[in-house]
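Below are the chains, spelled out letter by letter.
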Amino acid sequence: MSKVEEFQELRPLLFSIAYRILGSVGEAEDAVQEAWLRYDASTTRPVSAKAFLSTTVTRIAIDVLRSARVRREEYLGPWLPEPILEDPYQDPARATELADSVSMAALLLLERLSPLERSVFVLREVFAFGFDEIAETVGRSEPACRQLLVRARRHMHEGRPRFEADRHEQRELAQRFFEAMARGEVDALQSLLASDVQLVGDGGGKAPQLARAMAGAENVARLLAAVHPLMTRTGITCEPRDINGQPGALFRDRDGNVLHIFALDVLDGQIQTIHSVINPDKLAHLGPVADAWTVDREVRQNRRQTR
């Protein structure tokens with residue numbers, strides 16, 4: 001195959017590696033593009049295009065992550081990963097692991113790790129790279145990589161997210177949740193939420209949001225039941241979708257522009273966490289983005305009219 005053909009065949013894998021390390025669609029795409037430029041500029045053909053490109057994109061992602069951490073520390077409000085609707089890399093033999101590893105909860109846990117720990121964990125636990133390949137990629141010895149993995153596993157397992165294995169049951173629960181939310185049914189919503197459920201919103205200071213963080217089934221149910229019927233009256237539609245491998249929804253304004261997303265963590269038949277991303281910078285890759293401030297004004301106006 002030509003270099004272009006080899007790269008295009010490996011592109012889904014490269015993006016999936018970079019996205020899990022960075023938690024950003026735009027940064028992951030940039031890392032993949034930079035890896036291609038270096039591959040194309042190479043005067044010698046590597047023995048393995050996969051090894052060369054995986055190593056290159058991982059090293060680029062590590063460098064980007066180190067600089068991104070400073071920006072995230074200064075981020076206004078909670079930081080959540082940029083949502084994706086589909087993981088471009090598919091491996092039927094590892095479908096469950098891939099879906100869980102790209103969830104919002106898993107990506108947030110990865111934020112606890114150092115860039116090297118994160119990279120070693122992703123390459124080994126998610127994509128099953130050999131330690132010899134990982135050592136070459138991160139520039140450490142195999143024993144050092146094994147130690148990095150041990151530390152990464154310990155951090156991850158301390159707060160490891162566990163999800164319902166039955167995806168059909170997950171989606172059914174999500175459907176009941178979104179229907180109850182649209183109707184403003186507090187009791188129905190509360191019955192679907194864990195007692196210590198958390199609602200975490202990421203607006204980045206660039207859009208209004210339901211709440212930066214809220215906890216408790218009653219509090220969350222009352223907030224959602226009060227706000228979302230008003231949003232429906234302004235033309236907001238709820239489109240159930242898998243978000244980062246978990247049940248969720250894409251919300252659009254009356255013109256079809258993306259307003260925000262919900263991603264749900266489900267365990268033991270209840271919703272444990274609701275992740276909400278409304279920062280327009282994190283939604284642009286999903287399509288045209290709505291003016292959230294205009295929607296917010298319309299919702300507030302509807303609220304005053306119904307009092």
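Everything numeric in this text was worked out from a predicted model, so none of it was measured. (Residues numbered from 1 in each chain as written. Predicted model: local features only at pLDDT ≥ 70, side-chain atom pairs only at ≥ 80, totals over all residues. Heavy atoms only, no water.)

Of all the eight residues making up strand E6 (residues 270–277), six are buried; the element is thus mostly covered by neighbouring parts of the structure. Both strand E1 (residues 193–202) and E6 contribute to a ladder of six bridges, which runs parallel. Within E6, the position partnered with Leu199 by the bridge is Ile274. Alignment of strand E5 (residues 258–267) against E6, held across seven bridges, turns out to be antiparallel. Across the sheet, residue Leu267 finds its bridge partner in E6, namely Gln270. Linking two consecutive strands that pair antiparallel, namely E5 and E6, is a turn of two residues; a positive phi of about 55° is found at Asp268 within it. (Buried < 20%, exposed > 50% of the residue type's maximum accessible area, 1.4 Å probe, protein only. Helix = DSSP H or I, 4+ residues; strand = E, 2+ residues; numbered from the N terminus. Pairing = 2+ DSSP bridges.)

Quick look at the packing of aromatic side chains now. For the structure shown, the criterion picks out eight aromatic pairs. Ring plane angle 10° and centroid distance 5.9 Å describe the contact between Phe15 and Tyr19, whose orientation is recorded as stacked. Of this pair, Phe15 and Tyr19 both sit in helix H1 (residues 3–22), four residues apart, roughly one helical turn. The same class applies to Phe15 and to Tyr19, which are both buried. Three or more aromatic residues joined by ring pairs make a cluster, and in this case those are Phe7, Trp36, Tyr39 and Phe52. Note that Lys50 overlies the ring of Phe129, its terminal NZ or CZ placed 5.3 Å from the centroid. Over the ring of Phe131 we find Arg146, and its NZ or CZ is 4.0 Å from the ring centre. (Phe/Tyr/Trp six-rings, centres within 6.5 Å; stacked < 30°, edge-to-face > 60°. Lys NZ or Arg CZ within 6 Å of the ring centre and 35° of its normal.)

The next point concerns the pairing of E5. Most of E5 sits out of view: 10 of its 10 residues are buried. Alignment of strand E4 (residues 246–252) against E5, held across five bridges, turns out to be antiparallel. Of the residues in E5, the one forming a bridge with Leu250 is Ile261.

Attention now goes to the sheet that holds strand E2 (residues 213–215). With mixed pairing, the six strands of this open sheet are ordered in space as E2-E1-E6-E5-E4-E3. Both edges of this open sheet fall to E2 and strand E3 (237–243), since each of them pairs with a single strand only. Neighbour-to-neighbour, the strand axes of this sheet turn through a mean angle of 20°, independent of strand direction. Of the strands in this sheet, E1, E2, E4, E5 and E6 touch helix H11 (residues 217–233), which is tilted by about 50° from E1. (Axes fitted to C-alpha atoms, helices over the stretch in contact; angles between N-to-C directions. Contact = heavy atoms within 4.5 Å.)

Counting across every chain of the model gives 20 salt bridges. The closest approach of N and O atoms between Glu117 and Arg151, which form a salt bridge, is 3.1 Å. A residue pair is termed long-range when its members are at least 10 positions apart, and Glu117 in helix H6 (residues 115–126) and Arg151 in helix H8 (residues 142–158) qualify at 34 residues. Judged by its relative accessible area of 8%, Glu117 is buried. Assessed through its relative accessible area of 33%, Arg151 is described here as partly exposed. Between Glu185 and Arg183 there is a salt bridge whose closest N-O contact spans 2.8 Å. One network of salt bridges, with partners in common, ties together Glu27, Arg71, Arg72, Glu111 and Arg118. (Salt bridge = Lys/Arg side-chain N within 4 Å of Asp/Glu carboxyl O.)

By themselves, these figures tell us nothing about what the structure is for.
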